[in-house]
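# Analysis of the macromolecular model
Listed here are the chains, written in short residue letters.
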Amino acid sequence: MKFRTTCDTTIVQRQLVYTGLYDPMQLQREAPDPLYLQIKDDLIAAIRSGQFEPHQRLPSERELSEQYNVSRMTVRQALLSLVRDGVIYTRVGKGTFVADAKIDQQLRTLTGFSQDVTARGGRPSSRVIEARVVGAAPDVAAALRMMPQSEVIRLARLRLSDDLPLAVETAHLPFARFSGLLAHDFAAESLYAVLEREYGLALTQAEQVLEAVVANAEELRLLELTPPAAVMRMQRLTVDSEGEPVEFVLSSYRGDRYKFRFTLQAGR
């Protein structure tokens, strides 16, 4: 029998812990493996056997420490290791949840976040953090081939899939070319769809740079991560069919939810 998440998650979790449906292993205290690794392995086995389903809340640190008869610090160490491996994820103030398999993001075609999520069968949504005209910072101006402090539209959004925050995305576009863009509600509309529909733009090519870093305080807050946490930061410069820069985007993706796949061809 499997429990599904309900509005009373606490009752469900207590049933899992105390009725034997989730039966923690007896830790081998004389074994060479540290206790936190034994707990980690036991939780992985419980998840793989279906005792916990994707997006189901795990028992609290206190409940796990009682079940395993160890300190909460030992349990926390096991949970943090599971988070780093992408097996579980945390939501600040809500608890720790079982993760789906990591999102396998193909970097072969030029698509937007909404398209990617919809293609995977998810429900994309956005929260607008900032939408205004600003002076271009030196790196933004250089990417868009503009003079520093030239006017650009800065559109910063938190991108979600099924209400789970996955990425923070900040796009910069030349204001002179897209002066009417801010009339749109980008909490509900796709930027790429608006560019295609309203401006007749065909976005044909993008150059992306990807790096793994430790999340800063703002990324931790917006993505609801527990420190220390990794994010994948991406810079993307998109051009139109004439080779003119259209947007310069800075994005941070949850490292525990994404893996990026590249297709390479042998050189001559």
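Refer to the structure printed above.
Please read all numbers here as calculations on a predicted model, not as lab measurements. (Residues numbered from 1 in each chain as written. Predicted model: local features only at pLDDT ≥ 70, side-chain atom pairs only at ≥ 80, totals over all residues. Heavy atoms only, no water.)

### With respect to the environment of Leu82
To keep it simple, the criterion reads: Runs of E in the DSSP output that reach at least two residues are strands. Runs of H or I that reach at least four are helices, and both are numbered from the N terminus.
Here Leu82 lies in helix α4 (residues 72-84). Sequence separation between Leu82 and Asp256 is 174 residues, and the spatial gap between their C-alpha atoms is 9.5 Å.

### A few points about the packing of helix α3 (residues 61-68) against α4
What counts is decided by this rule: To get an axis, fit a line to the C-alpha atoms, keeping to the stretch in contact for a helix; angles then go from 0 to 180 degrees between the N-to-C directions. These descriptions rest on fixed angle ranges, namely under 35 degrees for roughly parallel, over 145 for roughly antiparallel, 65 to 115 for roughly perpendicular, and the rest for oblique. Definitions for this section: a left-handed crossing has its near helix turned counterclockwise from the far helix by less than a right angle. A right-handed crossing has that turn clockwise. It only takes one pair of heavy atoms within 4.5 Å for two residues to be counted as in contact. In this classification, the charged set is Asp, Glu, Lys and Arg, the nonpolar set is Ala, Val, Leu, Ile, Met, Phe, Trp, Tyr, Cys and Pro, and all remaining amino acids, among them Gly, are polar.
Here α3 crosses α4 at 110 degrees, and the two axes come no closer than 9 Å. As summarised for this structure, α3 and α4 are arranged roughly perpendicular, according to the angle between their axes. α4 is crossed by α3, and the crossing has right-handed handedness. Side by side, α3 and α4 meet where Glu61, Arg62, Leu64 and Ser65 of the first sit next to Arg72, Val75, Arg76 and Leu79 of the second. Considered class by class, the residues forming the contact of α3 with α4 number three nonpolar, one polar and four charged.

### Some remarks on the packing of aromatic side chains
For clarity, the cut-off: Here a pair means two rings of Phe, Tyr or Trp (six-membered ring of Trp) with centres within 6.5 Å. Their orientation is stacked below 30 degrees between planes, edge-to-face above 60, and tilted elsewhere. For the exposure calls, accessible area comes from a 1.4 Å probe over protein chains only, and a residue counts as buried if that area is under 20% of its type's maximum, exposed if over 50%, partly exposed in between.
Evaluation of the coordinates by the stated rule reveals two aromatic pairs. Ring geometry for Tyr89 and Phe97: centres 5.7 Å apart, planes at 20 degrees, overall stacked. Taking 5.1 Å as the distance between ring centres and 85 degrees as the angle between the ring planes, the aromatic pair formed by Phe178 and Tyr199 counts as edge-to-face. On the criterion of sequence distance, the pair formed by Phe178 in the loop between β6 (164-174) and α7 (191-199) and Tyr199 in helix α7 is long-range, its members being 21 residues apart. The class for Tyr199 is partly exposed, based on a relative accessible area of 29%.

### Here we look at unusual backbone geometry
A positive phi angle, near 70 degrees, is found at His55, a position not held by glycine. Inspection of the secondary structure puts His55 in the loop between α2 (35-48) and α3. In this model, Glu224 sits at a positive phi of 55 degrees, which is unusual for a non-glycine residue. Within the secondary structure, Glu224 sits in the loop between α8 (217-222) and β8 (230-240). Judged by its relative accessible area of 14%, Glu224 is buried.

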